[in-house]
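Architecture at a glance
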Amino acid sequence: MSDVADGPEMKVTGRRMRRMLGTDGDHDHARRFCQSGINLALVSTSSGDLEHLGDQGIDVEVFVADLDELKIETPSWGYGNSGTRFGVFPWPGAARTVHERIADAALVHRLTGACPTVAIHVTWDWVGNWNELAAFAESEGVRLGAINGNVFQGDDYRLGSFCHPDARVRRMAIDHCLECIDIAEQVNSDVFTVWLADGTNYPGQDDMRERYRRLLEGFRELYAALPPGMRFLVEYKFFEPAFYSTDLPDWGTAVLVCRALGTQAQVLVDTGHHPLGTNVEQIVALLLEEGLLGGFHFNNRKYADDDLIVGSIDPFELFRIMSEIVSARRDPATATNADAIAYMIDQSHNIEGKIEAMIQSVINIQTAYAKALLVDRATLRETQIAGDVLGAHRVLTDAYETDVRPLLVAAREANGLPLDPVEAFREGGHADRLARERA
Ligand code: PSV
Ligand code: MN
C-alpha cells in the first residue's frame, strides 16, 4: 500500500475534484444529512459521498494513489470468440489472432489505465518468435504477463496430464510446461501458471494417491527449472472436466503442493472454481496469513465456472474479497504477500462484446477495491473487540454501500483517462472500426 510520502504526486485535491464533478458549492444536501445524524455513507450522491469522505477524515489524494496501484492483467483468450459446448456466436470485430488479442488488451489499458499486462495461453497464442510478440506488445503499450501452460487439450490428455498413468504423456505435459517457463523467461514475465484438468470420472478408475505422487513429481521438475524471481502459480478447481475426482481440487491441496515445492510456488484463486456457497474471502484471508496467495483469476458465476463479467452476479462477494486484501495490506505481518498479488481476469464472453465486457470487469474490480479502501478499519477493530456483532457488520456494509463512482471518476481524471471507459469505448467508434477491419 502506498505510503503518502512515497506515493505519486497527486494532481487532484478534494476541492478540485468537487469542481470537476460539478458538485462544488452543492454541499447543502450533504450537510443536511450530517446535521440530521444520518450516516453519509448511506447517501449515494456525488456531493454526498465526497463530503462524507472528507468528514470521515479520508484523504482523497491518498485514496486515489492507493487505487492507482491496483493493476489488473487481462487474458488474451478473453478477446476472441468463445462460447459453450452448445455453440459459439461470432462477435463482429472479435480478435482472431494473438496480435489482435494483444491490440485489444492494449485498447483496454488505454481506456482504463489499469491493465498494463496481458496473460498468454501458450497453445492458443502460439507464435514462432516470442521476442517479436513481446516487442509487439510493447509497441502497443502493454507487456506480456503470466504465461499459462495448456495441458488440457489434445487427444493424449484423455486420462490426464501430470497425473496420467502413462509416463510418456506425463513427459509431454512436463516438457510443455518447461517450454512455458522458458518462454516466460524470454519475454521477462515473472509468472508461470498451469491449471490441470486432471481427474477421473468413475470410482476405481485410477489410484488417487498415486496420481497425487505423479503430480508432485512433475511439478517438482518444473519448480527446479524456475529462474529466481519467477513465481509458479498453482490453480485449483474442484470439478470439470473430471466429474468424480479432480487431482488439484481445492485450496488445501494447492497449499500442500506449494509447501512441497517451495516459496516460489503460490496458490492461484480462480473465483469460479469453488463449490457454490464457499466462503472465498476466508480462503483469501488464510492464504494471506500463510504467505501463500499468489494471485487471482477473477470472474463471476451463478452456478458453475461460468466465467462471467467480474462482479456482475455477486459484487458483494468481490467486495468481501477485496476487504480481506486491503486489511492484509494494512497489516505488517501480511503486507508483503498482499502487495505482490497478481490480479488477473479469467473470463470468456459468450453473448456479449469482448472488449466492452473486459472494461466492465476492470471497473467492477476497481469499484470493489475502492469500497474496501473505505472500510473504517479502526472502528471495525473496536467493534469486533467489543463483541458488537451488528456494529462491526455495519462498519463493513457502510463502506460497501458508499457510492464510489465520483472517486473513480476523480482518479481517472487525475490520470488523464476517460471518465467513463465503457462510454469512451462506445463513443470512440472502436467497435465499428474493428468490425470493419476484421470482417
Ligand atoms: C480453467 O477453467 C481455467 O480457469 C484455467 O485458468 C484455464 O487456463 C482457463 O480457465 C482457460 O479459460
Ligand atoms: Mn482460471
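For clarity, every value in this text was computed on a predicted model and none was experimentally measured.

Our focus in this paragraph is the overall build of the chain. From N to C terminus, the chain includes 18 helices and ten strands. Looking at the chain residue by residue over its 439 residues, the buried ones come to 46%. For the chain, contacts bridging at least 24 residues in sequence account for 75% of all contacts bridging at least 6.

The sheet built from eight strands is open, its strands ordered 1-2-3-4-6-8-9-10 with parallel pairing. The open sheet has two free edges, formed respectively by strand 1 (74-75) and strand 10 (342-345), since each of these has just one partner strand. Sheet topology note: the strand 2 (residues 117-121)/strand 3 (residues 143-148) ladder contains four bridges and is parallel. Each residue of the ladder has a partner; that of Thr117, found in strand 3, is Arg143. Together, strand 2 and strand 3 form the strand contacts of helix 6 (residues 130-140), whose direction differs from that of strand 3 by roughly 135 degrees.

Another aspect to go through is the environment of Pro116. Structurally, Pro116 can be placed in the loop between helix 5 (98-112) and strand 2. Sequence spacing of Pro116 and Ala106 is ten residues, and the spatial spacing of their C-alpha atoms is 7.5 Å.

Taken across its five residues, strand 2 has five buried, putting it largely inside the fold. Residue alternation in strand 2 divides its side chains into two sets, Thr117, Ala119 and His121 and Val118 and Ile120, and both sets are buried. Traced from strand 1 through helix 5 to strand 2, the parallel crossover comes out right-handed. With helix 6 bridging strand 2 and the parallel strand 3, this β-α-β connection has right-handed handedness.

Our focus in this paragraph is the packing of helix 5 against helix 13 (residues 354-373). In the contact formed by helix 5 and helix 13, the axes pass within 10 Å of each other and the chain directions differ by 45 degrees. On the basis of the axis angle, helix 5 is oblique to helix 13. Judged by the sense of rotation from one axis to the other, the crossing of helix 5 with helix 13 is right-handed. The residues of helix 13 that touch helix 5, namely those facing Asp104, Leu107, Val108, Leu111 and Thr112, are Lys354, Ile355, Met358, Ile359 and Val362.

Moving on, we come to the nonpolar core. One finds Val234, Val267 and Val284 to be the most contacted residues of the largest nonpolar core, which totals 114 residues. Those residues in contact with Val284, other than ones at most four positions away along the chain, are Val269, Leu293, Ile321, Glu324 and Ile325.

Attention now goes to the packing of helix 8 (residues 208-225) against helix 9 (residues 251-261). Put simply, helix 8 and helix 9 touch, their axes get as near as 10 Å, and they point 50 degrees apart. In terms of orientation, helix 8 and helix 9 fall into the oblique class. The way helix 8 lies across helix 9 gives a crossing that is right-handed. Contacts between helix 8 and helix 9 pair Leu216, Phe219, Arg220 and Tyr223 from the former with Val257, Ala260 and Leu261 from the latter. Residue composition of the contact of helix 8 with helix 9, grouped by class: six nonpolar, no polar and one charged.

Moving on to the confidence of the model for the chain. Residues shown with low pLDDT carry predicted positions that ought not to be read at fine detail. Considering every residue of the chain, the mean pLDDT works out to 90; 87% of them sit at 70 or more. Overall, residues 1-47 carries pLDDT values under 50, and its contacts beyond four positions in sequence, including any with other chains, amount to 77 contacts.

Right, let's talk about unusual backbone geometry for a bit. Glu240 connects to Pro241 through a cis peptide bond whose omega is 10 degrees. Here Pro241 is to be found in the loop between strand 6 (231-235) and strand 7 (245-246). Despite not being glycine, Glu240 has its phi angle at roughly 75 degrees, a positive value. Take Glu240: it is sitting in the loop between strand 6 and strand 7.

For the rest of this paragraph, the subject is the pairing of strand 6. Of all five residues making up strand 6, five are buried, and the element is well covered by its neighbours. With burial as the criterion, each face of strand 6 is covered, one bearing Arg231, Leu233 and Glu235 and the other bearing Phe232 and Val234. In the sheet, strand 4 (residues 191-195) pairs with strand 6 via five bridges, with the strands oriented parallel. Pairing of Val194 across the sheet is with Val234, part of strand 6. As judged from the four bridges shared by strand 6 and strand 8 (residues 265-270), these two strands associate in the parallel manner. Within strand 8, the position partnered with Glu235 by the bridge is Leu268.

Our focus in this paragraph is the environment of Gly252. Relative to the helices and strands, Gly252 resides in helix 9. Separated by 15 residues in the primary sequence, Gly252 and Val267 place their C-alpha atoms 9.5 Å from one another.

Its location among the elements puts Arg412 in helix 16 (residues 405-414). Exposure remark for Arg412: the 23 C-beta atoms within 10 Å place this residue in the buried category. Dropping the residues within four chain positions of it, Arg412 is found in contact with Leu417, Pro418 and Leu419.

Most of helix 16 is tucked away, with seven of its ten residues classed as buried. The complete set of buried residues in helix 16 reads Pro406, Leu407, Leu408, Ala410, Ala411, Arg412 and Ala414. Gly416 occupies a position one or two residues after helix 16 and carries a positive phi of about 65 degrees.

Analysis parameters
- Residues numbered from 1 in each chain as written.
- Chains lettered and ligands numbered in written order.
- Predicted model: local features only at pLDDT ≥ 70, side-chain atom pairs only at ≥ 80, totals over all residues.
- Helix = DSSP H or I, 4+ residues; strand = E, 2+ residues; numbered from the N terminus.
- Buried ≥ 20, exposed ≤ 12 C-beta atoms within 10 Å, placed from the backbone.
- Contact = placed C-beta atoms within 7 Å.
- Pairing = 2+ DSSP bridges.
- Axes fitted to C-alpha atoms, helices over the stretch in contact; angles between N-to-C directions.
- Right-handed = clockwise from strand over helix to strand, strands pointing away.
- Parallel < 35°, antiparallel > 145°, perpendicular 65-115°, else oblique.
- Left-handed = near helix turned anticlockwise from the far one by under 90°.
- Core = buried A, V, L, I, M, F, W, Y, C linked by C-beta atoms within 7 Å.
- Nonpolar A, V, L, I, M, F, W, Y, C, P; charged D, E, K, R; others polar.
- pLDDT = per-residue confidence, 0-100.

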